[in-house]
Amino acid sequence: MPTKPGERILAVDDDESFLDIYKTGLQSAGYEVTTASSGAEAVALAAREDFDLVITDLSMPGEFDGQEVVRRVKAARPKTELIVLTGTPTLASAIATLKDGAYDYVFKPVVIEHLKSVVRRCLDHHRLREELSSERALRQELKIAYEELQKVEKLKEGILARLSHELKTPLFQIVLGLNVLKDAQVDLEKARRTVEIATLACSRLERTLSNLLALAEFGQAVPEVGTTAVDVEALCRGVVEGLRALWERRNLRVSVAFEPKVRAVRGTPELLSKAFEHLVHNAILFSPQGESVEIRGKMTAGFVKVAVSDKGEGIPESEFDEIFDSFYQVANYLTRKVDGLGLGLAIARRIVEAHGGSVMVASRLGQGSTFTVALPPEAAPANS
């Protein structure tokens, strides 16, 4: 195999005459050769510069003999190959240098053509190993990329299936209700129940479309935040009242309790209401019937903090970072137990972060979850 352009060799020997022979012979073969007359000089050069191969005499005076050069160079430059030259070959010294990382050893006095042959074989081996390593790395990258593509395909399938379900189900209920109401013989009580079911279906459909539009809007730009003073306690009570029909139907108890002196925050009331609505709605959906949902507010570390707690199944800690991703719940749509597209947490986080806040989660499997919103309060009034 021909010499690769730019292959660099460091030749090390305390005998200058040998160095001249190595340099002249190897340069004639097309290598770029640097010389060092001591082990210490060689180690210093190898630490500063990158060599493909170091050829070192085994027996040299001073702190670093050839074996120490092999150890030091391998420690600093693991990919650098080493060949050891020895005038007193023994099995023990040969095995020791090979164990320390040398590729091969050559007896002195050196026949330059033999040295060239060993050098070429060594560098060919080095090049092949690098190519195989690159190929393995490329295969690993392709494997990871393929696995990610499979995840995306699974997510896409989940999104389409879930979206189809969330649109078709309420539409079917509405159409079915209209057909029932067309019947002139339908009694008043059945008509009332039909209208109630259709109304709930309309609300569900409106919520799905609203969430999709909100995600599209927030995904393209940060929500524009106003400067209105927002009473967070009043806002949360309004959210709970707006969801009353849902939590009463599930026979849940929902309570709101704020400590005194919780300050207002600056922002857009409609956006903050949407964020808290998603968090409370989520807690209601995942709470077993007859359980309770608690909304607690307080001032802590200079922030208005609102915790929304449920008594649901909880979330594995390994998934804490994923639950705020868009369509997170859809990935496991076959095992999900509640309706919806799973967009609520993603929308809530984007709104809260746009207001300079954050959303944290604490959860234990089988014991429920708590989502805590931290928002900066409006500036305190100046002392009069």
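Provided above is the structure to which this section pertains.
Keep in mind it's a predicted model, so treat the numbers as computed, not measured.

Rules and cut-offs
Residue numbers restart at each chain and count upward from 1, following the sequence in its written direction. The predicted origin of the model limits local features to residues at a pLDDT of at least 70 and limits the giving and counting of side-chain atom pairs to 80 or more, whereas totals for whole chains, interfaces and linings rest on all residues. The basis for every side-chain value is the complete set of non-hydrogen atoms in the structure, without hydrogens or water. To qualify as a helix, a DSSP run of H or I must reach at least 4 residues; to qualify as a strand, a run of E must reach at least 2; elements of each kind are numbered from the N terminus. Only the protein chains shown count as cover for residues, and all accessible areas are computed by the Shrake-Rupley method using a 1.4 Å probe. In plain words, nonpolar cores are sets of buried Ala, Val, Leu, Ile, Met, Phe, Trp, Tyr and Cys residues tied together by side-chain atoms within 4.5 Å. Burial classification: accessible surface area is computed with a 1.4 Å probe over protein chains only, and a residue below 20% of its type maximum counts as buried, one above 50% as exposed, and the rest as partly exposed. Note on contacts: a residue pair qualifies if any of its non-hydrogen atoms lie within 4.5 Å across the two residues. Whether two strands pair comes down to DSSP finding at least two bridges between them. As a rule, the C-alpha atoms of each element are fitted with a line to give its axis, helices using only the stretch in contact, and angles between N-to-C directions run from 0 to 180 degrees. Each crossing gets its hand from how the near helix is turned against the far one by less than a right angle, where anticlockwise is left-handed and clockwise is right-handed. Gly is put with the polar residues, along with every residue not named as nonpolar or charged; the nonpolar set is Ala, Val, Leu, Ile, Met, Phe, Trp, Tyr, Cys and Pro, and the charged set is Asp, Glu, Lys and Arg. Two N or O atoms form a polar contact when they lie within 3.5 Å of each other; inside protein one atom must be a possible hydrogen donor and the other a possible acceptor, and for residues adjacent in sequence the pair counts only when both atoms belong to side chains. Note on aromatic contacts: the rings of Phe and Tyr and the six-membered ring of Trp form a pair at centre separations within 6.5 Å, being stacked when their planes are under 30 degrees apart, edge-to-face when over 60 apart, and tilted otherwise. Sitting over a ring, as applied to charges here, requires NZ of Lys or CZ of Arg to be within 6 Å of the ring centre and within 35 degrees of the ring normal. Angles below 35 degrees are treated as roughly parallel, those above 145 as roughly antiparallel, those between 65 and 115 as roughly perpendicular, and all remaining angles as oblique.

Caption draft 1: Representation of the overall build of the protein chain within the structure. Across its full length, the protein chain holds 10 helices and 12 strands. Only carbon and sulfur atoms are counted for the fraction: they give 55% of the accessible area of the protein chain, which is about 21,400 Å².

Caption draft 2: Region of the structure containing the nonpolar core. Phe276, Ile295 and Phe371 are the most contacted members of the largest nonpolar core, which totals 43 residues. Element by element, the count of residues in this core is highest for helix 9 (residues 269–286), at nine residues. Residues in contact with Ile295, not counting those within four places in the same chain, are Cys236, Val240, Val254, Ser255, Val256, Ala257, Phe258, Val280, Val306, Ala307 and Val308.

Caption draft 3: A look at unusual backbone geometry. With an omega dihedral of 0 degrees, the bond running from Lys108 to Pro109 counts as a cis peptide bond. Along the chain, Pro109 turns up in the loop between strand 5 (104–107) and helix 5 (112–182). For Lys261, which is not a glycine, the phi torsion comes out positive at approximately 70 degrees. Relative to the helices and strands, Lys261 resides in the loop between strand 7 (253–258) and strand 8 (265–267). Assessed through its relative accessible area of 79%, Lys261 is described here as exposed.

Caption draft 4: Seen up close, the sheet that holds strand 9 (residues 292–300). Spatial ordering of the open sheet is given by 7-9-10-12-11, a layout of five strands whose pairing is mixed. Two strands close off the open sheet at either side, each with one partner strand: strand 7 and strand 11 (358–364). The average angle at which neighbouring strand axes cross in this sheet is 15 degrees, direction not considered. Where strand 10 (residues 303–309) meets strand 12 (residues 368–375), six bridges bridge the pair, whose relative direction is antiparallel. Looking across to strand 12, one finds that Val306 is bridged to Val373.

Caption draft 5: Summary view of the packing of helix 9 against helix 10 (residues 344–354). Packing of helix 9 against helix 10 brings their axes to within 9 Å, and their N-to-C directions diverge by 145 degrees. As for the relative orientation of helix 9 and helix 10, their crossing is left-handed in sense. Here Leu271, Leu272, Lys274, Ala275, His278, Leu279 and Asn282 of helix 9 come into contact with helix 10, specifically with Gly344, Leu345, Ile347, Ala348, Ile351 and Val352. Across the contact of helix 9 with helix 10, the residue classes break down as nine nonpolar, three polar and one charged.

Caption draft 6: Representation of the side chain of His355. Note that His355 resides in the loop between helix 10 and strand 11. Among the residues examined, His355 registers a relative accessible area of 9% and is labelled buried. There is a polar contact of 2.9 Å between the side chain of His355 and the backbone oxygen of Ile351. Ignoring anything within four residues of it in the chain, the contact list for His355 reads Val225, Arg266, Gly267, Thr268, Leu271, Leu272, Leu375 and Pro376.

Caption draft 7: Quick peek at the environment of Thr300. As for its placement among the helices and strands, Thr300 is situated in strand 9. For the pair Thr300 and Ala374, spaced 74 residues apart in sequence, the C-alpha to C-alpha distance is 8.9 Å.

Caption draft 8: Looking closely at the packing of aromatic side chains. Counted by the stated rule, this structure contains two aromatic pairs. Note on Phe18 and Tyr22: the rings are 6.2 Å apart at their centroids and 10 degrees apart in plane angle, and the pair reads as stacked. In this pair, Phe18 and Tyr22 are both assigned in helix 1 (residues 16–28), four residues apart and thus about one turn of the helix distant. Phe18 gets classed as partly exposed once you look at its relative accessible area, which sits at 23%. The ring of Phe18 carries Lys108 above its face, with NZ or CZ at 4.3 Å from the centroid.

Caption draft 9: Layout of the sheet that holds strand 5. Strands sit in the order 2-1-3-4-5 across an open sheet of five strands; the sheet is parallel. Two strands lie at the open edges of the sheet, namely strand 2 (32–36) and strand 5, each paired on one side alone. The sheet shows a mean angle of 20 degrees between the axes of neighbouring strands, direction not considered. Of the pairings in the sheet, the one linking strand 4 (residues 81–86) to strand 5 comprises four bridges and is parallel in character. Within strand 5, the residue paired with Ile83 across the bridge is Asp104. Here helix 1 sits on the sheet and contacts strand 1 (8–12), strand 2, strand 3 (53–57) and strand 4; the angle it forms with strand 2, its principal contact strand, is near 170 degrees. In the packing of helix 2 (residues 39–48) onto the sheet, contacts are made with strand 1 and strand 2, and the angle to strand 2 comes to roughly 135 degrees.

Caption draft 10: Local environment of the packing of helix 7 (residues 232–242) against helix 9. Interaxial distance between helix 7 and helix 9 falls to 9 Å at its minimum, and their mutual angle equals 55 degrees. Taken together, helix 7 and helix 9 sit at an angle that is classed as oblique. In the crossing of helix 7 with helix 9, the sense of the turn from one axis to the other is right-handed. Taking contact as the criterion, the partners of Val232, Leu235, Cys236 and Val239 in helix 7 are, on helix 9, Pro269, Leu272, Ser273, Phe276, Glu277 and Val280. For the contact of helix 7 with helix 9, the residue count by class is eight nonpolar, one polar and one charged.

Caption draft 11: The side chain of Lys108, seen in detail. In this structure, Lys108 sits in the loop between strand 5 and helix 5. There is a polar contact of 3.0 Å between the side chain of Lys108 and the side chain of Asp13. With residues near it in sequence (within four places) discarded, Lys108 still touches Asp13, Phe18, Tyr22, Asp57, Leu85, Thr86 and Gly87.

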